[in-house]
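What the coordinates show
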Amino acid sequence: MKKIILASKSPRRKELLAGLGYEFEVRVIPGIDESYPEGLTMEEIPQYIAHEKASAYDVGEDELLLTADTVVVLDQEVLGKPHDEADAARMLHELSGRTHHVITGVCLKTSSAQRRFSVTTEVTFKTLTDEEINYYISHYRPFDKAGAYGIQEWIGYIGVTGIRGSYFNVMGLPVQRIYQELQGML
């Protein structure tokens, strides 16, 4: 059994991976570039970033590295992490009353193999009021979240009217698919 290394500082990813019952270590190299070249499909973008993150790590013979990146896509536009309150409000107004896609790219890397994949989930929001958006931003400070929201937080409780696909993918880690992929790698 290989030692799993989670290369993420996200508390949500840590919680989700722990839920699979695997023991793992968190190892984070700060400052890895998360930019991507033009011309990639929406599904390729988070896979590319997850691969770039994995490339920054040396993996021992007895280790398996897991990296991930999540993007929110609305009308073929990637909504990344908001820069400030105004940017978060803009994103939430754009998502309000509409359906978007959350795509998480994952890279699993050992010293001799590598697997990359992405999982897409469709999420629909009700029409959000200015008061709801302002309340969420001021109380939850979603500046570290793609699309300026966490489905597991208040905005998800009151705003999400539909979801097709993995809920956990929207949280940042498609654990069912990861479990499936790890079966052949550990």
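Summarised in this report is the structure supplied together with it. Being a predicted model, the structure only gives us computed values, none of them experimental.

Attention now moves to the overall build of the protein. Within the protein, the regular secondary structure consists of 7 helices and 7 strands. Along its sequence from the N terminus, the protein presents helices and strands in the succession β-α-β-α-β-β-α-β-β-α-α-β-α-α. On C-alpha atoms alone, the protein measures out to a radius of gyration of 17 Å, which is about the 16 Å that the 2.2 N^0.38 rule sets for 186 residues. Counting across all 186 residues of the protein, residues that qualify as buried make up 47%. Here the contacts in the protein between residues at least 6 apart in sequence split such that 66% fall between residues at least 24 apart. Taken as a whole, the protein presents about 9200 Å² of accessible surface, with 47% of it coming from carbon and sulfur.

All right, on to the nonpolar core then. If you look at the biggest cluster of nonpolar residues, it comprises 39 residues, and the most contacted ones within it are Leu66, Leu92, Leu95, Leu108, Tyr149 and Leu173. Beyond its immediate stretch of four places on either side in the chain, Leu92 contacts Leu128, Ile133, Tyr136, Ile137, Gly147, Ala148 and Tyr149. Membership of the second largest hydrophobic core comes to 8 residues, among which are Ala54, Tyr57, Val59 and Leu65.

What follows concerns the packing of helix α3 (residues 85–95) against helix α4 (residues 130–140). In the contact formed by α3 and α4, the axes pass within 10 Å of each other and the chain directions differ by 135°. When the axis of α3 is compared with that of α4, the two are oblique. α3 and α4 meet at a crossing whose hand is right-handed. Residue-level contacts link Glu85, Ala88, Ala89, Leu92 and His93 of α3 to Asp130, Ile133, Tyr136 and Ile137 of α4. Across the contact of α3 with α4, the residue classes tally to 6 nonpolar, 1 polar and 2 charged.

With that settled, the discussion passes to a nonpolar patch on the surface. Judged by side-chain polarity, Ile163, Tyr167 and Phe168 come together as a nonpolar surface patch covering roughly 250 Å² of accessible area. Given the relative accessible area of 38%, Phe168 is considered partly exposed.

The next subject is the pattern of salt bridges. Going through the model one piece at a time under the given rule, you end up with 16 salt bridges. Between Glu132 and Lys126 there is a salt bridge whose closest N-O contact spans 2.9 Å. Given a relative accessible area of 18%, Glu132 falls into the buried group. Assessed through its relative accessible area of 26%, Lys126 is described here as partly exposed. Among the charged side chains, a network of salt bridges with common partners joins Lys3, Glu25, Arg27 and Glu63.

What follows is about helix α1 (residues 11–19). Listing the buried residues of α1 in full gives Arg12, Arg13, Leu16 and Leu17. The arc that holds every buried residue of α1, seen down its axis, measures 125°, which confines them to one face. Looking at α1, the residues exposed on the side facing more than 90 degrees away from the buried face are Pro11 and Glu15. Packing partners of the buried residues in α1 comprise β1 (3–6), β2 (24–26), β3 (63–74), α6 (167–171) and α7 (175–183). Between a side-chain oxygen at the N-terminus of α1 and the backbone nitrogen of Arg12 the separation is 3.2 Å; the capping residue is Ser10. Once α1 finishes, Gly21 follows within two positions and takes phi at roughly 90°, a positive value.

Definitions and limits used
- Residues numbered from 1 in each chain as written.
- Predicted model: local features only at pLDDT ≥ 70, side-chain atom pairs only at ≥ 80, totals over all residues.
- Heavy atoms only, no water.
- Helix = DSSP H or I, 4+ residues; strand = E, 2+ residues; numbered from the N terminus.
- Rg over C-alpha atoms; globule rule 2.2 N^0.38 Å.
- Buried < 20%, exposed > 50% of the residue type's maximum accessible area, 1.4 Å probe, protein only.
- Contact = heavy atoms within 4.5 Å.
- Areas by Shrake-Rupley, 256 points an atom, 1.4 Å probe, with all protein chains shown as cover.
- Core = buried A, V, L, I, M, F, W, Y, C linked by side-chain atoms within 4.5 Å.
- Axes fitted to C-alpha atoms, helices over the stretch in contact; angles between N-to-C directions.
- Parallel < 35°, antiparallel > 145°, perpendicular 65-115°, else oblique.
- Left-handed = near helix turned anticlockwise from the far one by under 90°.
- Nonpolar A, V, L, I, M, F, W, Y, C, P; charged D, E, K, R; others polar.
- Patch = residues over 30% accessible without salt bridge, like charges linked within 9 Å, V, L, I, M, F, W, Y side chains within 5 Å.
- Salt bridge = Lys/Arg side-chain N within 4 Å of Asp/Glu carboxyl O.
- Arc of directions from axis to C-beta.
- Polar contact = N/O pair within 3.5 Å; in protein donor to acceptor, adjacent residues only side chain to side chain.

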